[in-house]
Structure formats: structure tokens, C-alpha cells
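# Observations on chain architecture
Below, each chain spelled out in residue letters.
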Amino acid sequence: MKQVALISPKGNIFGKNEKMISFLNGSRYMDSFRLLWSGPSLGLLTVASLLPSDWECEYIDENYKVIDFDKNYDLVCISAMSQQVLNGYRIAEEFRKKGVLTVIGGIHATVLPEEASQFVDVVMAGEAEVIWPQFLEDYESGSIKKIYSEECVGQYPLTDPIMPRYDLLKGYNYPVITIQTTRGCPHDCSFCAASKVFGAKYRRKQNENIFKELMEIKKLYPDSLILFADDNMFVKRDESKELLKEMIKIDIRWIAQTDISIAKDSELLKLMVLSGCQWVVIGFESVSYSSLYGLDKNNWKLNQLPHYAESIRKIQDYGVGVYGTFIVGLDQDSSNVFKDTADFIIENYIYGANITIPTPLPGTRLRTELELQNRILTSDWSYYTFWDVTIKPANLTADELQDGVLYIYQRICDSSAADKRLITLKKIAKRRKELINEYII
């Protein structure tokens, strides 16, 4: 029997700036953010489902469990984002010293396979369902390649998806269990690598398959909060509404990532509430017209800007909290962006917020543009946390940008803002309960 370790390397959840770490670690405000970054690696759980049934798998999340480098594994599989990848390379190096075959996949390895190949035996550059079967065939025949990649990105149809091995999470007590129902995003924002990894085509699992996964999670972890880890969950409205109608029957609590357009669909909001939605993550990106201009190719988010406040109010009036994400330090931003962003968050009673710094991730249009302008300060991937300054801002100094992010968090976490947020949270919870009772009756 083959022994396989599936390892998710430890990352830097709050970045590497000591002032930021100290403040955020002591802030209850960041509890929602911790939830978003505390789920399991679906990529590794999917790989586990692709392996032969007689192989023994151990899932190791280094954020929760110490790796035993003396254990006799036949195969070590690592999945990492950019800010985790150097740690992933370190882990691979330790196992390679002992003659263990090491494999790495995930977003970073997919966009930079040649780099990754310097540190591991095998690189998986693409979707596991497409490339792992070929690797397993080569492994059995003793003829493995250095890099496995897809001929065409984003072609796996998701019509007959592989269910992740959720049973491997026993004992971890994750605050959220993640599920992925879609891949690809039509908006193609300059700072996002999603289209590079998953393609621009929006693909979605069939409702019956999504429901099977939800039932498996509920069976194994009945009290868990479920996070739909899709870049944009509700693009296909009709299918989404049918899924939500089925979810009403099974009594779960969930959160999801979506875009602001859900505010225009009252039927969708109603079904979200009835099916157990607690809050949604929405990428506002900026509250500045000039900074939003050109951020995505069709200026879709720019066109939503005049309706931000109204849309937030409508969504939260349905008992669904809005957790907003913002980027400060974009090329058109001046020092005013810090106060403007904090004011917007506080004045619109947003449920929660995550404020980040422009980060030139490998594979993004943003990185290509900044490389041409010689504005990338470091390619030490451990700083690619979205909290650390890795670029030369256009109209700010690096210190002004780092301190400005901290200023926003200090503003939205002060006692006055905290009191307003608590009132909002209570109103959202009360409204959710009222609407559920109203609709059930």
C-alpha cells in the first residue's frame, strides 16, 4: 500500500509587517477574515479522490499540525498559493533529502511551473482532474515527467465532478468547510490570476452534484459553516435559484463570494436568506471613480460605483451581511484614499471589510504592467500576502501605503465604529429571523 501525504503549507495570514500583525491579532474585528482563510485545501482533497482506492492518504494542514519528516511516505503532494510557496519548497526539500517523491500544484505552480520544477520532482500546472490521471499512469510505469500541464486552460467541463475527500478533515475542527461549485470568472480583473488558472469561461457543476457534496459535508460535520469558495457564485441565476430552493430543505449555514449585482434580484436575496446565507463577500475594490476605471476590461465595477450604497443597504435589509473587500494604493490613489475608504465602510454600516495592497501576483496583467515599469520591489513570494508592500506606488511612498492600511483598520475598529457595527449585526440577524418567519408562514 502506498503512503501519501497531502500537505497545505503554513502561510502568513496577516502579512509580515510587525505593526499590522500586532494590531490585527488583537482585533476581534478580524474574526470574519480568519474564517475566510481558515478552510481546508480543496485541491488536495480532490487529489485524494483521484488516487487509487488502496493508497493510504494523510491530509496535513501545517497551520494546524506539525509535519513528521521522518514518516515513511511514498509520495508527498503539496498545494500552495504564492505567499505559501517558499514554505512549500522547504517542505519538498526536506522530503527529497530522504528520497521521497515530491509533487506540487496549486495557483503558483500553475503559472510558474519552471520555477517550481527547481524545487520538486513533479509540477502539476493545471486542474487536477485533467492532469493527475496521466501522472498516475506514468507513475505506475516508472516514466514520470517533470511538468504536467493542460493543453488548453479551463476545458474541464465540471459535468461529472470528482467529490473531494471531506472525510480526511476529521479532527481538524475547521471553522468553515469549503465547497467549490464554479470555476472561471467573466470579469477578468487586472490583479486576479483566476482567468489564467481556470480560464475566462464560467463553468458550473450541476445542482445534483453540488447538493451531494453539501449533504456529505452535513453528514460529516453537521454544525459547520459552509463557505462557497467560488470567485463569483451567482453568475448563472436560474441554476443558482434552483439550488437554493433545494438547500432550504437541509438546514445549513453558509457564506459565499459574489458580485454586487445580487442586490438587483429580490427573489435571489429571498432564497439566500431562506437557505441559510449569513453573509457574502463582495469585491468593491475602490470607492474612487478614477481608481476603478480600467480595473476590469469592461469597466463593470466602475459602472456599479454609483449604486454601491443603495446595493449594500438592500442586501443587508434582507438579513444578509455584506463583507466588502477593498484595494488601496492603486495608481490613481492619493493619500485621501485611506480616509475615503474608512468613511465609506463606516457610513454604509458594512458587516465587515478587508483592505489590501495591490499585489503583482504571477500570471496577472497587473504584474506584467508593473514589470514593464520597473515598479516591483521584491519577488520574495513570502511577502505576497496582500498586506505587505511589494510595489512602488504611483502617488504614495511605500511607508505611506503601509501606514495607510493600518490607519483604515484603526478607524473601522475604534469604539465608535465598533458600536455602529454591533448595532448593524444585530439588525441583520433580527431582519434575517423576521424574513425567515414571514416566508415560512
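Residues numbered from 1 in each chain as written. Predicted model: local features only at pLDDT ≥ 70, side-chain atom pairs only at ≥ 80, totals over all residues. Heavy atoms only, no water.

What follows concerns empty space enclosed by the protein. In this approach, a probe sized like a water molecule rolls over the atoms, and the result shows the empty space that is left. The tally for this structure, following the rule as stated, stands at 1 cavity of 30 Å³ or more. Along its surface, the largest cavity is lined by Ile-345, Ile-346, Tyr-349, Ile-350, Ile-412, Ala-417, Lys-420, Arg-421 and Thr-424. In terms of residue count, helix H18 (residues 415-440) provides more of the lining of the largest cavity than any other element does, 4 residues in total. By residue class, the composition of the lining of the largest cavity is 6 nonpolar, 1 polar and 2 charged. (1 Å grid on protein atoms, 1.4 Å probe; cavity = no way out; pocket = protein on both sides within 12 Å on 5 of 7 lines; lining within 4 Å. Points joined across faces, edges and corners; volume = space filled by probe spheres on them. Helix = DSSP H or I, 4+ residues; strand = E, 2+ residues; numbered from the N terminus. Nonpolar A, V, L, I, M, F, W, Y, C, P; charged D, E, K, R; others polar.)

The subject of this paragraph is the sheet that holds strand E1 (residues 3-8). Spatially, E2-E1-E3-E4-E5-E6 is the arrangement adopted by the 6 strands of the open sheet, whose pairing is parallel. The two strands at the open ends of the sheet, each matched to only one other strand, are strand E2 (56-61) and strand E6 (147-149). Neighbour to neighbour, the strand axes of the sheet diverge by 20° on average, direction disregarded. Relative to E2, E1 runs parallel, the two being bridged by 6 bridges. Each residue of the ladder has a partner; that of Gln-3, found in E2, is Glu-56. (Pairing = 2+ DSSP bridges. Axes fitted to C-alpha atoms, helices over the stretch in contact; angles between N-to-C directions.)

With their axes 10 Å apart at the nearest point, helix H3 (residues 42-50) and helix H7 (residues 128-141) run at an angle of 45° to one another. Viewed along their axes, H3 and H7 adopt a mutual orientation that is oblique. Once H3 is placed against H7, the crossing between them reads as right-handed. Residues Thr-46, Val-47 and Leu-50 of H3 form the contact with H7, whose participating residues are Ala-128, Glu-129, Trp-132 and Leu-136. In terms of residue class, the contact of H3 with H7 is built from 5 nonpolar, 1 polar and 1 charged. (Parallel < 35°, antiparallel > 145°, perpendicular 65-115°, else oblique. Left-handed = near helix turned anticlockwise from the far one by under 90°. Contact = heavy atoms within 4.5 Å.)

Time to look at the nonpolar core. By size, the foremost hydrophobic cluster in this structure holds 139 residues, and its most contacted members are Trp-132, Phe-135, Trp-254, Met-272 and Ile-412. Counting residues per element, this core draws most heavily on helix H17 (residues 398-413), at 7 residues. Sequence-distant contacts of Trp-254, defined by excluding residues within four places in its chain, comprise Leu-225, Ile-226, Phe-228, Phe-234, Leu-244, Met-247, Met-272, Ser-275, Gly-276, Cys-277, Gln-278 and Trp-279. (Core = buried A, V, L, I, M, F, W, Y, C linked by side-chain atoms within 4.5 Å. Buried < 20%, exposed > 50% of the residue type's maximum accessible area, 1.4 Å probe, protein only.)

This brings us to H7. In a regular helix each residue adds 1.5 Å, so 14 residues correspond to 20 Å; H7 covers 20 Å between its end C-alpha atoms and thus fits that length. The set of residues buried in H7 consists of Ala-128, Glu-129, Ile-131, Trp-132, Phe-135, Leu-136, Asp-138 and Tyr-139. Buried-residue contacts for H7 involve H3, strand E3 (75-79), strand E4 (101-105), strand E5 (122-125), E6 and strand E8 (182-183). (Expected span 1.5 Å × (residues − 1).)

Let's shift gears to the pairing of strand E11 (residues 253-258). Where strand E10 (residues 225-228) and E11 come together, 4 bridges link them in parallel fashion. Its bridge partner lying in E11, Leu-227 is registered against Ile-255. Note on the crossover from E10 through helix H10 (residues 237-247) to E11: the handedness is right-handed. When E11 meets strand E12 (residues 277-285), the two strands line up parallel, connected through 5 bridges. Residue Gln-257 lies in a different strand from E12, and its bridge partner there is Val-281. Handedness of the crossover joining E11 and E12 through helix H11 (residues 266-274) is recorded here as right-handed. (Right-handed = clockwise from strand over helix to strand, strands pointing away.)

As a further point, take the state of the cysteines. In total, this model carries 0 disulfides according to the counting rule given. In this structure Cys-77 is a free cysteine whose sulfur lies 8.0 Å from that of Cys-57, the closest cysteine sulfur available. Assessed through its relative accessible area of 2%, Cys-77 is described here as buried. (Disulfide = S-S within 2.5 Å.)

Attention now moves to the packing of aromatic side chains. Under the criterion given, the structure shown has 23 aromatic pairs. Pairing Phe-284 with Phe-326 gives two aromatic rings, centres 5.5 Å apart and planes at 10°, and the pair type is stacked. Remark: Phe-326 occurs in strand E13 (residues 321-327) and Phe-284 occurs in strand E12; sequence separation between them is 42 residues. The exposure class assigned to Phe-284 is buried, which follows from its relative accessible area of 0%. The rings of Trp-55, Trp-132, Phe-135, Tyr-139 and Tyr-148 are connected pair by pair, giving a single aromatic cluster. Over the ring of Tyr-383 we find Lys-16, and its NZ or CZ is 4.1 Å from the ring centre. (Phe/Tyr/Trp six-rings, centres within 6.5 Å; stacked < 30°, edge-to-face > 60°. Lys NZ or Arg CZ within 6 Å of the ring centre and 35° of its normal.)

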